[in-house]
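Coordinate analysis (summary)
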Amino acid sequence: MKISILLVLTTIFISNVVNAKSLNIYSHRQPYLLKPFIDAYTKKTGVQLNVVYSSKGLAQRLSAEGANSPADLILTVDIARLYRYEDLDLLAKIDSKILIENIPPYLRSKNNTWFGLSKRTRAIAISKDRMNSGDVLRYEDLADPKLKGKICSRPGSHVYNRALMASIIAAKGADDAEKWAKGLVSNLAKRPQGNDRSQLKSIYSGECDVAIINHYYYGKLTYSKNPDHRKWAKASIIVFPNQGPGDRGAHVNISGGGVVKFSKNKETATKFLEFLVTDEAQILYGDVNFEYPINNKSKLPKRLKALGTFKEDSLLIEDIAKLAPKAQEIIDTVYW
Ligand SMILES: [Fe+2]
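As the structure is a prediction and not an experimental result, all values here were calculated from the model. (Residues numbered from 1 in each chain as written. Predicted model: local features only at pLDDT ≥ 70, side-chain atom pairs only at ≥ 80, totals over all residues. Heavy atoms only, no water.)

Comments concerning the coordination of the iron ion
For the record, the criterion: Distances define the donors: N, O and S atoms within 2.8 Å of the metal qualify, as do those within 3.2 Å of Na, K or Ca. Water is excluded, so some sites may look unfinished. In this text, helices come from DSSP runs of H or I with a minimum length of four residues, and strands from runs of E with a minimum of two, each type numbered from the N-terminal end. Between buried and exposed lies partly exposed: a residue is buried under 20% and exposed over 50% of the maximum accessible area for its type, with that area taken using a 1.4 Å probe on protein chains only.
Coordination of the iron ion by the protein comes from Y160 (OH), Y216 (OH) and Y217 (OH), over a distance range of 2.0 to 2.1 Å. Donor residues binding the iron ion come from one chain and are separated in sequence as Y-x55-Y-Y. Note that Y160 is positioned in helix α6 (residues 159–172) and Y216 in helix α9 (residues 215–222), a separation of 56 residues in sequence. Exposure class is identical for Y160 and Y216. Each is buried.

See the structure below:
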């Protein structure tokens, strides 16, 4: 009896030692967005997660550090940023049935180096009072002269708009995409400026009637503690574009991650990525930042369900990264 208790205790001790590792994450995601995931994972496994946060320069840093880098994992948003790590050969090939089964093939690397973990869509907000719900249904409508002087947008060269531009090139070809961008720019109510939140504020203040925004800003403002923010959101309705039968669906971008090629803790790092696609973590993405689950079978938290569901463009998301330079060229040409 004594021996078996000792054995059990030894096993627990050993398994704790095996699991009591720490992981170092390089993150482009803001600390407050990561913290709930880190807390949940550490509580569950005892693994300590140390995060180096920076909005810029992490790929260069990792590249310069090479095999001496302490980093095990990278986490970021936007496919072009993620793809840069692959391009610089900084990511390990991960053999994980869980990741492959839970992430649609078009939202992960075909080389199993990076993986989408949540989704966001580039949506269109329209004024509740000054527009009718059927007035803008597709991205293509944004170039229609009937919207002259009505549209607000942040600058075209922001990664969110560059990715949208790339998706238009993929759908229509570069020439038509440029015509679309010209049409959009000639419909702007004012010089592109501000972030996505401020576009909703501009609809509220009457400066414009239509805005291009990532859907989660609408969710964040709708449920904000700040009454002014709630007023901004209330002035608009959100449209998920290109939903008609046979249409391609709304453009989506991802938050995602990958294991660092030189990590000494690849197995533990892979386990953390696998945790991020479990139902528990997928619901957290919705709760924390109104992001949609990467796994189309996952449940939606209540407030995300209230925001609505949509059909998404199932373009290989890697193509968005590959088309980003061409997208930027068009954005520069049309002065978006
Ligand atoms: Fe954002």
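Side note on the environment of G156
Stated formally: Contact between two residues is taken to exist if any of their heavy atoms lie within 4.5 Å; hydrogens are not considered.
With respect to the helices and strands, the residue G156 is situated in the loop between β5 (151–152) and α6. A residue is classified by how much of its surface remains accessible, and G156, at 0% relative accessible area, is buried. The spacing of G156 and Y216 is 60 residues in sequence and 19 Å in space, taken between C-alpha atoms. Residues in contact with G156, not counting those within four places in the same chain, are N161, R162, I331 and W336.

Notes on the nonpolar core
Here is the rule we go by: By nonpolar core we mean a set of buried residues, namely Ala, Val, Leu, Ile, Met, Phe, Trp, Tyr and Cys, connected to one another through side-chain atoms within 4.5 Å. Note that the domain bounds were set by an automatic or database domain assignment.
Ranked by internal contacts, the top residues of the largest apolar core, which has 102 residues, are L142, W180, F272, L276 and W336. The element best represented in this core is α6, accounting for eight residues. Here this core spans two domains, since at least three of its residues come from each of domain 1 (2–119 + 253–303) and domain 2 (121–250 + 315–333). If near-sequence neighbours (up to four positions away) are discounted, W180 is found in contact with Y139, E140, L142, A143, L164, M165, I168 and W336.

Describing the domain arrangement of the protein
Quite often, the size of an interface is put as the accessible area lost when its parts meet. Note the cut-off: Summed over both partners, buried area is the accessible surface (1.4 Å probe) that two parts give up on being assembled. A side-chain nitrogen of Lys or Arg and a carboxyl oxygen of Asp or Glu constitute a salt bridge if their distance falls within 4 Å. Side-chain atoms alone can form a polar contact between residues adjacent in sequence; in general such a contact is a pair of N or O atoms within 3.5 Å, and within protein one must be able to donate a hydrogen while the other accepts it.
Along its sequence, the protein is carved into domain 1 (2–119 + 253–303) and domain 2 (121–250 + 315–333). A separation of 30 Å is found between the C-alpha centroids of domain 1 and domain 2. Taken together, the contact pairs 20 residues of domain 1 with 15 residues of domain 2. The contact between domain 1 and domain 2 buries some 1,600 Å² in all, and 65% of this surface belongs to carbon and sulfur atoms. For the interface between domain 1 and domain 2, the tally reads one salt bridge. The interface formed by domain 1 and domain 2 contains five residue pairs in polar contact (both at pLDDT 80 or more). Put simply, the parts of the chain that give the side of domain 1 that touches domain 2 at least two residues each are α2 (31–45), α4 (79–87), β4 (114–127) and β8 (252–259).

Thoughts on the packing of α6 against helix α7 (residues 174–186)
Going by this rule: Between N-to-C directions, angles cover 0 to 180 degrees, with each direction set by a line fitted to C-alpha atoms, over the stretch in contact for helices. Geometric relationships in this document are graded by angle, where less than 35 degrees denotes roughly parallel, more than 145 denotes roughly antiparallel, 65 to 115 denotes roughly perpendicular, and other angles denote oblique. Crossings are sorted by hand: turned counterclockwise from the far helix by less than a right angle, the near helix makes the crossing left-handed, and turned clockwise it makes it right-handed.
Contact geometry of α6 with α7 gives a least axis separation of 7 Å together with a crossing angle of 135°. With respect to α7, the element α6 is oriented oblique. Considering how the two elements wind past one another, α6 and α7 form a crossing that is right-handed. Residue-level contacts link L164, M165, I168, I169 and K172 of α6 to A174, D176, A177, W180 and A181 of α7.

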